[in-house]
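One letter stands for each residue in the lines below.
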Amino acid sequence: MKTYSILIVAGLLFNGILHIAAQTNDVSIASIVTDAFFNGIVDQSDGGCEGRGFYSRATFLEAVGNYPQFGRVGSEEDSRREIAAFFAHVTHETGHFCFINEINGASQTYCDVNFPQYPCNPSKSYYGRGPLQLTWNYNYAQAGSSIGFDGLNNPEIVATDPLISFRSALWYWTTAVQSVIGQGFGATIRAINGPRECDGVNPDTVSARVQYFTEYCNQLGVSPGDNLRC
């Protein structure tokens, strides 16, 4: 499982404000993320996975209601490409919605003391959880502040409440990833896990993400565009 690189808090907040203010189109997310599309991802995981029964299309669509800018900025092709990108990363992060918690995540605390405004609870660990494997104390704190949960003292809720889990992923996406999607899929890889994968560090994981993206673009009837790798 991945871990996020350190993010500049001011930049996150700026990007979030920018996208909230962006004019949205009239694309229906539900008409693109159909049962067939969503279940086509889930059904590729083992029936015994912890994510089976936790992740659902209905919960995803409910969570999207809190993020009207997700998949609705630009043209319909832009919307379809963004949705393909989001689910490509989710597929890679969770193994087709198999995992809720980062594999061996509990062995690390992911507490970054360089963000004293987000003090870690010494009895908690901030390893990856949810569709985009939310990681690090500062991300949990900010996601919790935005969504309405105590990210520093109750990070586990991202792995126990399906709606909060999806909302955390969409919060991260619209705050830290959506602004770079126009630069190509490769830029979204860099925004999510650049130091651990990009610039030749782990080309296999980059290839896996790109493969999912191109597959989903094909399913959604849109070209993947250029600059697919980071």
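Everything numeric here is computed off the predicted structure, so don't read it as measured data.

## Considering the packing of helix 9 (residues 185–197) against helix 10 (residues 203–220)
Piece 1. Here helix 9 crosses helix 10 at 155°, and the two axes come no closer than 11 Å. What the angle tells us is that helix 9 and helix 10 run roughly antiparallel. Read as a crossing pair, helix 9 and helix 10 show a hand that is right-handed. Of helix 10, the residues touching helix 9 (which contributes Phe 185, Ile 189, Ile 192, Asn 193 and Glu 197) are Pro 203, Thr 205, Val 206, Arg 209, Val 210 and Phe 213.
Piece 2. Of the residues contributing to the contact of helix 9 with helix 10, the split by class is seven nonpolar, two polar and two charged.

## Let's talk about helix 4 (residues 57–64)
What sets the pattern is the α-helix's 3.6 residues per turn: residues three or four places apart point alike.
Piece 1. All buried positions along helix 4 are accounted for by Arg 57, Thr 59, Phe 60, Ala 63 and Val 64. Buried residues along helix 4 cover an arc of 165° about the axis, so they all sit on one side. Every exposed residue of helix 4 that faces more than 90 degrees away from the buried side is listed here: Ala 58 and Glu 62.
Piece 2. Summarising the contacts, the buried residues of helix 4 are in contact with helix 2 (29–32), helix 3 (35–42), helix 5 (76–94) and helix 8 (162–177).

## A word on the pattern of salt bridges
Piece 1. Evaluation of the coordinates by the stated rule reveals eight salt bridges.
Piece 2. Between Glu 93 and Arg 209 there is a salt bridge whose closest N-O contact spans 2.7 Å. Highlighted residues: Glu 93 in helix 5 and Arg 209 in helix 10, separated in sequence by 116 residues.
Piece 3. When its relative accessible area of 1% is taken as the criterion, Glu 93 is described as buried.
Piece 4. A relative accessible area of 0% means that Arg 209 is categorised as buried.
Piece 5. Here Arg 190 and Asp 199 are joined by a salt bridge, their closest N and O atoms 3.1 Å apart.
Piece 6. For Arg 190, a relative accessible area of 38% gives the class partly exposed.
Piece 7. Residue class for Asp 199 comes out exposed when judged on its relative accessible area of 60%.
Piece 8. Put simply, Glu 77, Asp 78 and Arg 81 are held in one network by salt bridges that share partners.

## Things to note about the state of the cysteines
Piece 1. One pass over the full model with this rule turns up three disulfides.
Piece 2. Disulfide pairing places Cys 49 opposite Cys 98 at an S-S distance of 2.0 Å. On the S-S bond that ties Cys 49 to Cys 98, the torsion sits near -85°, and the link is left-handed. Residue Cys 49 is located in the loop between helix 3 and helix 4, and its partner Cys 98 is located in the loop between helix 5 and helix 6 (137–147); the two are separated by 49 residues in the primary sequence. Here the two residues Cys 49 and Cys 98 agree in accessibility, since each one is buried.
Piece 3. Between the sulfur of Cys 111 and that of Cys 120 lies a disulfide, 2.1 Å long from S to S. Here the S-S torsion is close to 105°, and the disulfide linking Cys 111 with Cys 120 is therefore right-handed.
Piece 4. Looking at Cys 120, the relative accessible area reads 22%, which means it is partly exposed.

Conventions used here
- Residues numbered from 1 in each chain as written.
- Predicted model: local features only at pLDDT ≥ 70, side-chain atom pairs only at ≥ 80, totals over all residues.
- Heavy atoms only, no water.
- Axes fitted to C-alpha atoms, helices over the stretch in contact; angles between N-to-C directions.
- Helix = DSSP H or I, 4+ residues; strand = E, 2+ residues; numbered from the N terminus.
- Parallel < 35°, antiparallel > 145°, perpendicular 65-115°, else oblique.
- Left-handed = near helix turned anticlockwise from the far one by under 90°.
- Contact = heavy atoms within 4.5 Å.
- Nonpolar A, V, L, I, M, F, W, Y, C, P; charged D, E, K, R; others polar.
- Buried < 20%, exposed > 50% of the residue type's maximum accessible area, 1.4 Å probe, protein only.
- Arc of directions from axis to C-beta.
- Salt bridge = Lys/Arg side-chain N within 4 Å of Asp/Glu carboxyl O.
- Disulfide = S-S within 2.5 Å.

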